[in-house]
Amino acid sequence: MQSDKEALMAIFSGRKTAERIPAPAGPHTKVLVFPGDRYFSMPYDAYGTGPDAWGVRWTNMGPDPGLDGSTVEKDFRLFHDFADWKEKVVFPDPEKLPVEQIFAAMSRAMNINRQEDVVTVLILSGQFERLNEMIGMEEALCAFYEEPELMHEWMEAMCSYKLKCIDLAVKYANPDIINMHDDWGTASNMFFSPVIWREFIKPNEKRYAQRIHEYGILYRHHSCGYIMQIIPDLVEIGVDILEPVMPCNDVDWVLDHYGSQITVAGGVNNLLIEGINATERDMIAEVHRVIDHYAWKGRYIPDYIPTNAQIRRKFLEEVERYGKSCHR
């Protein structure tokens, strides 16, 4: 039977047939967080509290920020008027961040074994996220309409920065996957129209995909919420893995149309997993449902955004156990 890495990379890349459905995040999945986009200090704490390399102040929503989440401090604004961004925003120089040392320390702490582990570099705070972290969601959304020329210049500057991050991630971490992060959706629709997304955001996403693929690495994109309108665009530009593909999206349609071109990591109803009245039996039933229903349709692995460590552990165990019965 395939190792965890072989099975995961088969699903993520589509280059081989996966013999089973492995857990999406097990002992052989290691994630290195690129420094600067959350709290930044030495020794490095990827999810501490305080100012990041951009000057945005962060706070944690619980004792385990990896599960509980982290957010910009309440009422924080780095500046208030998007028209002033060129005067107010100081882009950190990623080449002056101790990227090599941080990745080396994280790799040692995680006991990374390149033969056995799928290594991902997570690059947080995408181009839209970074803007709303600085000036708030309302101002960031209005800027697309009020200052379109300046918005194009912002996106170009952000793209140049992120491409440098990709280059350094490859140089110092040599990952299997680069995971770019930019939320675009609510529970029922996108934050902005697909027309806006295609004009301002898609060109950069295409450049990220091209750069990542030039290195022979897979491109994983994270966006919560409903993004059905642009999934064909993400396939077109070459995104390899899309997550968490929440059930508010039509997961059947995505797999029916693009199941051989992009990996869907998601499809799980997190309310049936971690809802107030959810039981372990509910969790097991949901794992069986999504594997039985989706796995045969294409490149699919069950996943969701967890908030409870104990339930998450049981979920991963059940995916690993039941996934062995899913012969591809």
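Structure's up top.
Residues numbered from 1 in each chain as written. Predicted model: local features only at pLDDT ≥ 70, side-chain atom pairs only at ≥ 80, totals over all residues. Heavy atoms only, no water.

Engineer: Before we move on, can you summarise empty space enclosed by the protein with the specific residues and values?
Structural biologist: Applying the stated rule across the entire model yields 1 cavity of 30 Å³ or more. The calculated volume of the largest cavity comes to roughly 40 Å³. In this structure, the largest cavity is lined by G126, Q127, K162, M180, H181, D182, E205, Y208, Y219 and H221. Grouping the constituent residues of the lining of the largest cavity by class yields 3 nonpolar, 4 polar and 3 charged. (1 Å grid on protein atoms, 1.4 Å probe; cavity = no way out; pocket = protein on both sides within 12 Å on 5 of 7 lines; lining within 4 Å. Points joined across faces, edges and corners; volume = space filled by probe spheres on them. Nonpolar A, V, L, I, M, F, W, Y, C, P; charged D, E, K, R; others polar.)

Engineer: Any details on the environment of P63? Residues and values, ideally.
Structural biologist: Relative to the elements of secondary structure, P63 occurs in the loop between β3 (57-60) and α2 (65-68). Judged by its relative accessible area of 86%, P63 falls in the exposed class. Along the primary structure P63 and I291 are separated by 228 residues, whereas in three dimensions their C-alpha atoms are 32 Å apart. (Helix = DSSP H or I, 4+ residues; strand = E, 2+ residues; numbered from the N terminus. Buried < 20%, exposed > 50% of the residue type's maximum accessible area, 1.4 Å probe, protein only.)

Engineer: Go over the packing of helix α5 (residues 127-135) against helix α6 (residues 137-146), please, and point to the residues and values.
Structural biologist: Their axes nearest at 7 Å, the elements α5 and α6 cross at an angle of 125 degrees. Classed by the angle they form, the pair α5 and α6 counts as oblique. Read as a crossing pair, α5 and α6 show a hand that is right-handed. Between α5, through F128, L131, N132 and I135, and α6, the contact on the second element is made entirely by M137, E139, A140, L141 and F144. A breakdown of the residues in the contact of α5 with α6 according to their chemical character gives 7 nonpolar, 1 polar and 1 charged. (Axes fitted to C-alpha atoms, helices over the stretch in contact; angles between N-to-C directions. Parallel < 35°, antiparallel > 145°, perpendicular 65-115°, else oblique. Left-handed = near helix turned anticlockwise from the far one by under 90°. Contact = heavy atoms within 4.5 Å.)

Engineer: Which residues make up the sheet that holds strand β6 (residues 177-181), and what are the values?
Structural biologist: An order of β1-β5-β6-β7-β8-β9-β10 is seen for the 7 strands of this open sheet, with the pairing classed as parallel. In the strand order of this sheet, the two ends are held by β1 (29-33) and β10 (300-303), each with one partner. The sheet shows a mean angle of 25 degrees between the axes of neighbouring strands, taken without regard to direction. In this sheet, strand β8 (residues 241-243) lies alongside strand β7 (residues 218-222) in parallel orientation, the contact comprising 3 bridges. In the strand pairing of β8, H222 is matched with E243. Helix-sheet contacts for helix α8 (residues 194-214) involve β6 and β7, and the interaxial angle to β7 is about 145 degrees. (Pairing = 2+ DSSP bridges.)

Engineer: Hey, could you go over the sheet that holds β3 for me, with residue numbers and the actual values?
Structural biologist: With antiparallel pairing, 3 strands are arranged side by side in an open sheet as β2-β3-β4. Strands with a single pairing partner mark the edges of an open sheet, and in this sheet they are β2 (50-51) and β4 (70-72). The sheet contact formed by β3 and β4 spans 3 bridges and is antiparallel. Considered in β4, the bridge of N60 is made with S70.

Engineer: Tell me about the pattern of salt bridges, and please be specific about residues and values.
Structural biologist: Overall, the coordinates contain 25 salt bridges when judged by the stated rule. K314 is the salt-bridge partner of E280, the closest N and O atoms lying 3.3 Å from each other. Within this pair, whereas E280 is found in helix α12 (residues 280-294), its partner K314 is found in helix α13 (residues 309-323), the two being separated by 34 residues in sequence. Residue E280 is classed as partly exposed on the basis of its relative accessible area, which comes to 45%. (Salt bridge = Lys/Arg side-chain N within 4 Å of Asp/Glu carboxyl O.)

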